[in-house]
Amino acid sequence: MLAVDNINLSIYHNEILGLVGESGCGKSTLAKLLMQLCPQDEGEILFEGKKRKKSELSTFIQMVFQDPYSSFNPKMTIYDILAEPLLLHKFPKKDLSKEIFHLIGLVGLPKSLASLTPTQLSGGQLQRIAIARAISLKPKCIIFDEAISALDVSVQAQIIHLLLSLQKQLKLTFIFIAHDLAVVKYLSDRIAVMSQGKIVEVNTAHALFTSPQHPFSKKLLSSIIELKK
Amino acid sequence: MNDLLSVQNLSLSISKNGEKFFPVRDVSFSINPSEIIGIIGESASGKTLTTQAILQLLTPNIALESGRILFQNDDILQKNEKEMTAIRGKEIAYIPQNPHSSLNPTQKIGSQITEVLMRHLKVAKKESIALGIQALEKVKIPYPEKCFYLYPHELSGGMKQRVIIAMALALKPKIIIADEPTTALDVTLQKEILHLLKMVHIEHKIGILFITHDMAVASHLCDKILVMYAGEIIERGLTKDIINTPKHPYTKMLLEAVPTLDKDKYHNPLRVTAGTVPQLKQTHTICPFIDRCPKSMLICTKQKPLTFNQKSKVNCWLYDERNTTNRDQKPQKKLPEKEVAGSR
Amino acid sequence: MSLNNLFEPASFSLKEYLVTNKEIKRSIFYKNRYLQIGLGIFFIIFVLSIFAPWLSPYSYKEIHLDQRNLPPCKEFIFGTDDLGRDIFTRVFWGARISFAVAFLSAFFDLLIGVVYGSIAAYSKRYVDEILMRFCDLLNAIPSLLIVILFVVLIGPGFLAIVTAISFTGWVMMARIIRAEVFKLKEANFVLASKTMGASFFTIFFQHIIPNVRFVAIATLMYSIPSAIFTEATLSFLGLGIQAPMASWGVMISDSISALRFYPWRLLFPSVILTLTTFSLNMIGEGLKKHE
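Since this is a predicted model, take the numbers as computed values, not measurements. (Residues numbered from 1 in each chain as written. Chains lettered and ligands numbered in written order. Predicted model: local features only at pLDDT ≥ 70, side-chain atom pairs only at ≥ 80, totals over all residues. Heavy atoms only, no water.)

Further remarks concern the overall build of chain A. Each helix and strand in chain A was counted, giving 9 helices and 6 strands. For 229 residues, the compact-globule estimate of 2.2 N^0.38 gives 17 Å, and the C-alpha radius of gyration of chain A, at 18 Å, lies within 12% of that figure. Expressed along its principal axes, the backbone C-alpha trace of chain A runs to roughly 55 × 50 × 30 Å. In chain A, buried positions account for 58% of the 229 residues. (Helix = DSSP H or I, 4+ residues; strand = E, 2+ residues; numbered from the N terminus. Rg over C-alpha atoms; globule rule 2.2 N^0.38 Å. Buried < 20%, exposed > 50% of the residue type's maximum accessible area, 1.4 Å probe, protein only.)

What follows is the structure, given as structure tokens:
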């Protein structure tokens, strides 16, 4: 069985695409393929119509991971962590501080955080920094691989709010991978359902939830537990 | 009529660098075989520590500060390790959060079940095998005889959780404590496990203490709900009262922060509350929710709230009869939008 | 305070509960007993090894045939050996030898061990296998044989000892570093750096090395005492430092036959050797606790 099997998917500018499926269905593998972090056997990935080299990729697409604590080098300060991508892309040193503090503020955190290390921050704060790092290179698209699953409910709501406002502000495209269907429905414009390496259904969020076509989509939707009043 | 399990004024303390902190403060509740009690809380609410305290499974750095836990009118906090091993599993069963690490990967399922049965029920091996297969049948595992001779890694997550529930059931306990049993599993399995627990409760008359952070799950399964925040129970009552008419601002926040299918980012957005759960502190003289509460009053900064009886019991000054402000009106002040989003 | 006031809305601002960096940095040394003891003892012995032979009125090879086998007294703090040489001066001269062995073995440990381990962690599976099996082979050869080989090739003495110890001493470090790098190169933050366009060398030196520093130093705190002890053993057997040079091993060897009559000749070199090993182990434990 292939981890990712003959996927044909288009992602449009300025949309939020939700990607759902059971564990092991290949969602994370697909994310890694889009980031060119693992090799592909067949097929091609086009960004705005063209195949891109690895060096150009970082200005097109970035990723936020599930576990906030392992996403950062525990020995670096937040300032250095945010400086790294900027310096790698030859950002002028004199504007560096200003840009870093601007990014920290953009995700709703106080500037005093810049001198701390990842172990001193909470999960929610770290995910905000991960988002700040992802937008620092001004990509067109960000992939969120179960990025809020490990957070508290109230913090999840804050991050969702942040994501929506950032998307509007910076005109971004999001690929949101999650297993919590209600969150995916809330955030996404379109949703792609994956099962065993294949995409079985793609539709707008509203249409998918009112009239799912594929049996697996129906199964997923039937497993949602709604608040019982 | 005495309760089967009664936690009375339980307080736990943890010592760090010579200073004492209190992760659980004055928690009291009771469980009977006829009910499923749900404890709802986010991280650092003290829910896991409370359940570990019941079974005396706390790590050595956590100490009992005060309180009693009466099981069948016997204070089990005073029991020694030998007495506790007779209770754990046989009288009070525990279903932990992560099924993948709860089974010994080097032992076949069958031998793990029979080991437990033989130790507690003092039966011979043959009889324990028969009992074990019976237990697997009760949790609706397909082909239980085959499953008996498999290793844990040959089963899926859902199956493993069923096996653990089977092991919990096999000794016919009086209470089952389930600590977020569905969090580590796929969403498609959630409903099955919850249905199984409900069935176990009804058929075998076993009381269940169910820990979760998910209000929706609790609304389906539990009869009564306790809401914990930063180590205290801030609201408790019947499920329908808490879900339909939540009183405490934190309970309201929990219900509003979860995207349900009727919410929409354009037309019916989530209400977001700023701030995070507070860190461990040494003294707790005021309400723990004060820095995030949209309705905090002067008295909230002076004194810890007492418990007031509404439809549910709530620890909040808003419900003091002397409070003349309208509790259900919109929040009096706007919270600074610092942690939500913004540019400087 | 009237009841009415109590139920007025309060103005309460959001507080941030953040631990500052300063508190963390200070606590590393101040609260770590092991580090304090270890560094303290090591520092004292180190300073004495520099100044004691230098400031002492006697040299390490100065013979006083009329003052042989004296117990500790006013003129000779640790007493004298059977050629009338001052034990105090000789013990700390021996300390110099041991520290030299220590630093050289640490240097080679880091140089060869870290590089070898990192290469193994990054190689393809079968290359990694070959590299590690070579390590096993090297480890399996008894160190005595290696020393004899070098003694035959370059003659006995300090150089032979250091070469022999360094020849196989790096294997433990290589294994440990390989395990750490293996773990780290799959970590999310390394992937994140890759996605931001970092080159292999940037990732290696900025992300991997700072995170193995710790493990490397902790391992050194065990391999250095081992090296010192090996030198002492080999000198004890007569394969290392030769007379009249003083080494703890030589001194211990000379003192065994006369143990019943002049026990201080064995006592002082053994105690200082033990204290040095102990202090390095303490430093290692202290660093482990901090991590």
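So, next bit.
The next point concerns the packing of helix H9 (residues 200–236) of chain C against helix H11 (residues 264–290) of chain C. Residue and element names in this part refer to chain C. At their nearest, the axes of H9 and H11 sit 8 Å apart, and the two run at 170° to each other. Between H9 and H11, the interaxial angle falls into the category roughly antiparallel. Taken together, the residues of H11 that come into contact with H9 (itself represented by Phe 214, Ile 217, Met 221, Tyr 222, Ile 224, Pro 225, Ile 228, Phe 229 and Ala 232) are Leu 273, Thr 276, Thr 277, Leu 280, Asn 281, Ile 283, Gly 284, Glu 285, Leu 287, Lys 288 and His 290. When the residues that make up the contact of H9 with H11 are grouped by side-chain class, the tally is 13 nonpolar, 5 polar and 2 charged. (Axes fitted to C-alpha atoms, helices over the stretch in contact; angles between N-to-C directions. Parallel < 35°, antiparallel > 145°, perpendicular 65-115°, else oblique. Contact = heavy atoms within 4.5 Å. Nonpolar A, V, L, I, M, F, W, Y, C, P; charged D, E, K, R; others polar.)

This brings us to the sheet that holds strand E8 (residues 207–212) of chain B. Residues and elements named next belong to chain B. Pairing within the open sheet is mixed, and its 8 strands lie in the order E6-E7-E8-E3-E9-E10-E12-E11. Two strands lie at the open edges of the sheet, namely strand E6 (92–95) and strand E11 (307–309), each paired on one side alone. On average, adjacent strands in this sheet sit at an angle of 20° to one another, irrespective of strand direction. Bridge count between strand E7 (residues 175–179) and E8: 5 bridges; the pairing is parallel. Residue pairing across strands places Ile 175 opposite Gly 207, the latter belonging to E8. Its contacts with the sheet place helix H1 (residues 47–54) against strand E3 (36–40), E6, E7, E8 and strand E9 (224–229), and it is angled at close to 150° to E8. Contacts from helix H10 (residues 249–257) reach E3, E9 and strand E10 (232–238), with the element oriented near 100° to E9. (Pairing = 2+ DSSP bridges.)

The next subject is the interface of chain B and chain A. Chain B puts 45 residues into the contact, and the matching count from chain A is 43 residues. The contact between chain B and chain A buries some 3800 Å² in all, and 58% of this surface belongs to carbon and sulfur atoms. At the surface where chain B touches chain A, the tally comes to 0 salt bridges. Here chain B and chain A share 12 residue pairs in polar contact (both at pLDDT 80 or more) between them. Contributing elements (two or more residues each) for the side of chain B that touches chain A: helix H7 (187–204), helix H8 (215–221), helix H9 (239–244) and H10 of chain B. (Buried area = accessible area lost by both parts, 1.4 Å probe. Salt bridge = Lys/Arg side-chain N within 4 Å of Asp/Glu carboxyl O. Polar contact = N/O pair within 3.5 Å; in protein donor to acceptor, adjacent residues only side chain to side chain.)

Moving on, we come to H1(B). Each α-helix winds once per 3.6 residues, and so residues spaced three or four apart point in a common direction. Of all 8 residues making up H1(B), 6 are buried, and the element is well covered by its neighbours. Downstream of H1(B) by a residue or two, B:Gln56 has a phi angle that is positive, lying close to 55°.

With that settled, the discussion passes to the sheet that holds strand E4 (residues 62–71) of chain B. Residues and elements named next belong to chain B. Taking strand neighbours across the sheet as the criterion, the 4 strands line up as E2-E1-E4-E5 in an open arrangement whose pairing is antiparallel. One side of each edge strand has no neighbouring strand; the edge strands of this open sheet are strand E2 (19–31) and strand E5 (74–75). Pairing analysis gives 8 bridges linking strand E1 (residues 5–16) to E4, with the strands arranged antiparallel. Its bridge partner lying in E4, Ser 6 is registered against Leu 70.

Residues and elements named next belong to chain B. Note that E1 and E2 share 8 bridges and pair antiparallel. Following the sheet pairing, Val 7 is matched in E2 by Phe 29. Where E1 hands over to E2, the hairpin turn is made up of 2 residues, of which Asn 17 adopts a positive phi near 50°.

Glancing now at the environment of B:Gly132. Residues and elements named next belong to chain B. Mapped onto the elements, Gly 132 comes out in helix H4 (residues 125–138). C-alpha of Gly 132 to C-alpha of Glu 91: the two residues are 41 residues apart in sequence and 18 Å apart in space. Those residues in contact with Gly 132 that lie beyond four places of it in its chain are Ile 113, Leu 117 and Phe 148.

It is worth spelling out the pairing of strand E3 (residues 141–145) of chain A at this point. Residues and elements named next belong to chain A. Where burial is concerned, most of E3 is hidden: 5 out of the 5 residues are buried. By the alternation rule, side chains of E3 split into Cys 141, Ile 143 and Asp 145 and Ile 142 and Phe 144, which are all buried. Sheet topology note: the strand E2 (residues 61–64)/E3 ladder contains 4 bridges and is parallel. Looking at E3, one finds that Ile 61 is bridged to Cys 141. Where E3 lies against strand E4 (residues 173–177), 5 bridges are found, and the strand directions are parallel. Directly across from Ile 143, in E4, lies its bridge partner Ile 175. Each parallel crossover has a hand, and for E3 linked through helix H6 (residues 153–170) to E4 it is right-handed. (Right-handed = clockwise from strand over helix to strand, strands pointing away.)

Looking now at the interface of chain A and chain C. With 27 residues of chain A at the interface, the matching set in chain C holds 23 residues. In this assembly, chain A packs against chain C so that about 2000 Å² is buried in total across both faces, 59% of it on carbon and sulfur atoms. The interface formed by chain A and chain C contains 0 salt bridges. Our enumeration of links across chain A and chain C arrives at 9 residue pairs in polar contact (both at pLDDT 80 or more). Listing elements by their share of the side of chain A that touches chain C, those giving two or more residues are helix H3 (78–88) and helix H5 (123–136) of chain A. Examining the composition of the side of chain A that touches chain C, we find that 3 residues originate from one element, H3(A), more than from any other.

Time to look at the pattern of salt bridges. Evaluated as defined, the whole model comprises 28 salt bridges over all chains. For the salt bridge of B:Lys304 with B:Glu232, the shortest nitrogen-to-oxygen distance reads 2.5 Å. Highlighted residues: B:Lys304 in the loop between H10 and E11 and B:Glu232 in strand E10, separated in sequence by 72 residues. The exposure class assigned to B:Lys304 is partly exposed, which follows from its relative accessible area of 29%. A salt bridge links C:Arg265 to C:Asp82, with the nearest nitrogen and oxygen atoms 3.9 Å apart. On the criterion of sequence distance, the pair formed by C:Arg265 in helix H11 and C:Asp82 in the loop between helix H3 (33–55) and helix H4 (87–122) is long-range, its members being 183 residues apart. Given the relative accessible area of 35%, C:Asp82 is considered partly exposed. Members of the salt-bridge network, linked through shared partners, are C:Glu129, C:Arg133, C:Asp136 and C:Arg175.

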